[in-house]
Amino acid sequence: MPLARSFSMTSLSGVLPQWDEEDLPVDDLLLFEVAWEVTNKVGGIYTVIQTKAKITVDEWGENYFMMGPYYEHNFQTQVEACEAPLPAIRGAMDALISNGCQVFFGRWLIEGSPYVLLFDVGGASGNLDRWKGDLWDSCNIGLPSQDHEAGDALILGSLLTDRLGDAPNVIAHFHEWQAGAGLILSRARKIPMATVFTTHATLLGRYLCAGNVDFYNNLGKFDIDREAGERQIYHRYCLERAAVHCAHVFTTVSQITAVEAQHILQRKPDVITPNGLNVKKFSAMHEFQNMHCSSKARIQEFVRGHFYGHLDFNLEKTLYFFIAGRYEFSNKGADLFLEALSRLNYLLRVHKEDVTVVVFFIMPAKTNNFNVESLKGQAIRKQLWDTAQGMKEKFGKRLYEALLKGEIPEMNNILDRDDFSVMKRAIYATQIVFHPEFLSSTSPLLPMDYEEFVRGCNLGVFPSYYEPWGYTPGECTVMGIPSVTTNLSGFGCFMEEHVSDPAAYGIYVVDRRFRSAHESCSQLTQFMFGFCQQSRRQRIIQRNRTERLSDLLDWRFLGRFYVHARLLALSRAFPDKYEMDPMAPPKAEGFRYPRPYSVPPSPSASLHSTPHHSDAEDDDDEDEPYDEDEEAERDRMNIKTPFVLGGVPGGRRRSQLVEDEDED
C-alpha cells in the first residue's frame with residue numbers, strides 16, 4: 001500500500017504562505033534551539049543544526065540561542081566566549097550560577113556565529129535524584145540509575161527549565177529524546193512557551209532495524225511497550241513519546257520517518273522538516289567537473305599503490321564507487337551492496353566490458369593499525385614515483401647535453417649501470433608502519449579529505465534499509481556526483497516526490513519498500529551495470545544534471561519548513577496573540593522537476609558546448625553533440641521554482657492582520 005503523505009510534503013509549490021518579511025514577529029520573540037549535538041559532534045543532528053545556523057541567524061538575529069551540554073574541549077576550540085546580550089538570559093544564567101550550576105555563553109565559531117548557551121551537566125549531577133523525583137511526580141516516568149545517558153538528558157532538561165522559562169515570548173525547539181526532558185518539564189510546569197519537537201529517527205525504530213526484522217511491513221504489528229522493554233530502553237522510549245505528545249508541534253525529517261513515528265510514537269507529524277545543506281559551501285560553479293578530474297587523479301595514485309604488483313587493468317577505464325556512513329552493516333545496505341557487486345562483476349565479465357570498478361567502503365570501525373601490505377604498496381608507489389622523477393631529470397639533462405653537441409644519443413648511454421641499480425633497488429621496498437586516521441589530508445594511504453574524495457568518485461551507493469534522511473547522497477548531489485539511494489531513506493522519498501525522473505538526473509532510487517531483497521538487489525545491479533555502460537561524455541552530462549538539483553537541497557529553501565513549524569507552534573501556544581493564515585497550507589498540485597529534454601543522458605539533437613566539463617575527461621573518439629547551456633536553459637524555463645530563494649515567509653500578530661490591497 002502506498003505510503004501516506006504528510007501535508008508539508010504534498011507540494012513544495014505554495015505550501016507555506018507567502019507573508020511579507022517585515023511581518024515576522026521575531027523582534028518580540030526569542031528562539032531557543034536545544035540539542036545534545038550543539039558544539040558536540042555525535043551524529044547527523046550535528047550536521048543539521050550546524051548547517052542550518054546561518055539561515056536561522058539571518059532570520060532571528062540576536063534573538064536566536066542554541067543550547068546544549070558543556071564539554072570543556074569543545075568550548076575551548078569551537079566557541080568564542082562573550083557576555084549574553086539580553087537581560088533575561090543574563091538573569092537566568094546568574095540565578096543558575098548562584099545555585100552552583102555552571103553555565104557558559106559565547107558564539108559558536110561556525111557560519112552565522114550563533115549564540116550558544118551550554119550547561120555543565122556533570123557539575124549539576126548532585127541534583128539528579130531530586131530531579132528524577134520531579135519527573136516521576138509530573139509524568140510517572142522513572143529513570144534507572146545505571147542509564148547515565150538518560151540521567152544526563154534529565155539534568156540538561158531540568159537546567160533549561162529551571163530559570164530560562166522566565167524569559168518572555170519564547171519558542172523552544174527540541175531535537176531528539178535527549179533534549180525531550182526539557183520539553184516535558186516545561187509543559188508540566190506550565191511555562192508559557194511555544195514548543196516544537198523533532199525526531200530525526202525513532203529510538204525503537206533504530207533498534208528494531210538493527211535486528212534485521214521486516215520493519216516497514218510490520219509497523220502495525222509490533223507490541224511497542226514489549227519491544228522497548230526487551231531492549232531495556234523503555235524509559236527512553238517513554239521520554240521520547242512524552243515529548244512528542246507534549247509538543248505544540250511535532251515534526252520529523254522525512255515522509256518515511258513520519259510513517260514510522262505515527263505507528264511507534266502514536267502521533268502523526270504536523271510538519272515534515274527535511275534536512276538541508278549549505279550549498280554555497282560546496283558550490284564550485286563551472287569548476288566542479290575539473291575538481292572531479294583532479295580528485296580522481298589522486299584516487300588513481302592510491303589505486304596504483306594499493307594494487308601494486310596486480311595492476312592489470314586500465315586506470316583510464318576504471319570507475320570508482322563508494323559507500324559511506326556508520327558501520328551498521330544491514331541498516332546502511334552494505335550487505336545488499338556486496339551482493340549486487342558480485343552480480344555486477346558477473347555481468348561485466350559475461351558482456352566482456354572493458355571497464356573496471358574499484359569500490360571503497362568508508363565506514364569507520366574499530367581497528368588496531370593499517371594493513372601492512374596496504375602501507376607497503378603506498379610506500380612502493382611513492383618510492384617508484386620519486387625514482388622515476390629523478391631518472392627523468394637525469395635523462396633530460398643528458399639528452400640536452402647530447403643535442404647541444406649535435407648528437408643523437410644511444411639509449412644505453414643515457415642511463416648508466418648505476419641508474420639501473422637505483423631502479424632495481426626501488427622495486428624492493430621495506431615495511432613501514434604509520435598510525436594516521438583514514439580519509440584525512442594527513443593519511444599516508446589516501447591523503448584526501450572526505451569532500452575531495454567524494455568529488456573524485458564516479459558514483460556513491462547508499463542502498464540503506466533504515467535511513468530517516470541520508471546526508472551522504474545529498475552531499476554527492478550538491479557536488480555533482482550521481483548516487484544510489486532507496487525509497488526507505490528520507491532523501492530517496494524526497495527526490496521521488498519532487499523529481500519526475502530521478503535517474504535521469506543521476507539519482508537512482510532502489511525500491512526496498514515494495515520489493516523482495518532479491519528484487520532490490522537485482523535492481524541495484526542493473527543501476528550499476530547501466531552506469532558502467534555509459535560513455536565518458538554521458539557521465540559528464542549526467543554530473544551536470546546532478547549538480548543542477550543543488551538548490552532543491554539548500555537550507556535557503558528547506559529552512560522554510562522550520563519557519564512554518566515555529567509559526568504553527570505560536571498559533572497553538574498563544575492563540576490570542578498569533579494565528580496562522582486559515583488557508584495555510586493551501587491545497588496545490590505537487591511540484592516536480594521535469595525529465596530533462598535529452599534522456600537517456602546521451603543527447604544528439606544539439607550542438608556540442610560543455611562549459612561544465614573537464615577537457616581531461618573528453619574522449620576524442622566520441623562525437624556526441626550536446627549543448628549544456630541550451631539544456632540548462634530549457635530546465636530553467638520548465639522548472640517553476642517553489643519559492644524565490646532568499647525570501648522568508650513569516651507570521652502575523654492577530655492585531656497586525658490587515659487586508660493587503662494588492663494581494664491576489
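What you see is a predicted model, and the numbers here were worked out from it, not measured in a lab.

Basis of the calculations
- Residues numbered from 1 in each chain as written.
- Predicted model: local features only at pLDDT ≥ 70, side-chain atom pairs only at ≥ 80, totals over all residues.
- Heavy atoms only, no water.
- Helix = DSSP H or I, 4+ residues; strand = E, 2+ residues; numbered from the N terminus.
- Contact = heavy atoms within 4.5 Å.
- Buried < 20%, exposed > 50% of the residue type's maximum accessible area, 1.4 Å probe, protein only.
- Pairing = 2+ DSSP bridges.
- Right-handed = clockwise from strand over helix to strand, strands pointing away.
- Phe/Tyr/Trp six-rings, centres within 6.5 Å; stacked < 30°, edge-to-face > 60°.
- Expected span 1.5 Å × (residues − 1).
- Axes fitted to C-alpha atoms, helices over the stretch in contact; angles between N-to-C directions.
- Parallel < 35°, antiparallel > 145°, perpendicular 65-115°, else oblique.
- Left-handed = near helix turned anticlockwise from the far one by under 90°.
- Nonpolar A, V, L, I, M, F, W, Y, C, P; charged D, E, K, R; others polar.
- Core = buried A, V, L, I, M, F, W, Y, C linked by side-chain atoms within 4.5 Å.
- pLDDT = per-residue confidence, 0-100.

Visitor: Can you break down the side chain of Thr202 residue by residue, with the values?
Guide: Along the chain, the position of Thr202 falls in the loop between β7 (193-199) and α8 (203-210). Ignoring any residue separated from it by four or fewer positions in sequence, one finds Thr202 in contact with Glu240, Glu260, Ala261, Ile264, Leu265 and Tyr466.

Visitor: Describe in detail the pairing of strand β13 (residues 483-486), supporting the description with residues and values.
Guide: Residues of β13 alternate between two faces, with Ser483 and Thr485 on one and Val484 and Thr486 on the opposite face, all of them buried. Alignment of strand β12 (residues 459-461) against β13, held across two bridges, turns out to be parallel. Residue Val461 lies in a different strand from β13, and its bridge partner there is Val484. After leaving β12, the chain enters helix α19 (residues 471-478) and then returns to the sheet as β13, a path that is right-handed. Read as a crossover between parallel neighbours, the route from β13 over helix α20 (residues 490-498) to strand β14 (residues 507-510) is right-handed.

Visitor: Quick rundown of the packing of aromatic side chains? Include the residues and the values.
Guide: The tally for this structure, following the rule as stated, stands at 26 aromatic pairs. An angle of 35 degrees between the planes, with centres 5.2 Å apart, marks the rings of Phe105 and Tyr115 as tilted. Taken together, the residues Phe105 in strand β4 (residues 103-108) and Tyr115 in strand β5 (residues 115-119) connect sequence positions ten residues apart. There is no split in this pair, since Phe105 and Tyr115 are both buried. Ring geometry for Trp469 against Phe494: centres 5.7 Å apart, planes inclined by 65 degrees, an arrangement best described as edge-to-face.

Visitor: Break down helix α7 (residues 176-188) for me, with residues and values.
Guide: Over its 13 residues, α7 runs 19 Å from end to end, which matches the ideal 18 Å to within 8%, given 1.5 Å per residue. Taken together, the buried positions of α7 are occupied by Glu176, Trp177, Gln178, Ala179, Gly180, Ala181, Gly182, Leu183, Ile184, Leu185 and Ser186.

Visitor: Can you break down the packing of helix α6 (residues 148-163) against α7 residue by residue, with the values?
Guide: In contact at an axis separation of 7 Å, α6 and α7 are set at 40 degrees when each is read in the N-to-C sense. Regarding the angle of α6 to α7, the classification is oblique. The handedness of the crossing between α6 and α7 comes out as right-handed. Of α7, the residues touching α6 (which contributes Glu149, Ala150, Ala153, Leu154, Gly157, Ser158 and Thr161) are Trp177, Gln178, Ala181, Gly182, Leu185 and Ser186. Residues belonging to the contact of α6 with α7 are distributed by class as follows: six nonpolar, six polar and one charged.

Visitor: So what about the nonpolar core? Which residues, and what values?
Guide: Counting 73 residues, the largest nonpolar core has Phe32, Met67, Phe119, Leu164 and Phe215 as its most contacted members. Sort the elements by how many residues they give to this core and α6 lands first, with seven residues. In terms of nonpolar packing, the next biggest core, distinct from the first, is built from 67 residues, Val279, Ala334, Cys476 and Val478 among them.

Visitor: Run through the confidence of the model for the protein, naming residues and quoting values.
Guide: In regions of low pLDDT, the predicted coordinates are not meant to be interpreted in detail. Here the protein shows a mean pLDDT of 79. Residues at 70 or above account for 71%. Across residues 426-431, where pLDDT falls below 50, the model places nine contacts with residues more than four positions away in sequence or in other chains. The model gives residues 637-664 a pLDDT under 50, and that stretch makes 62 contacts with residues more than four places away or in other chains.

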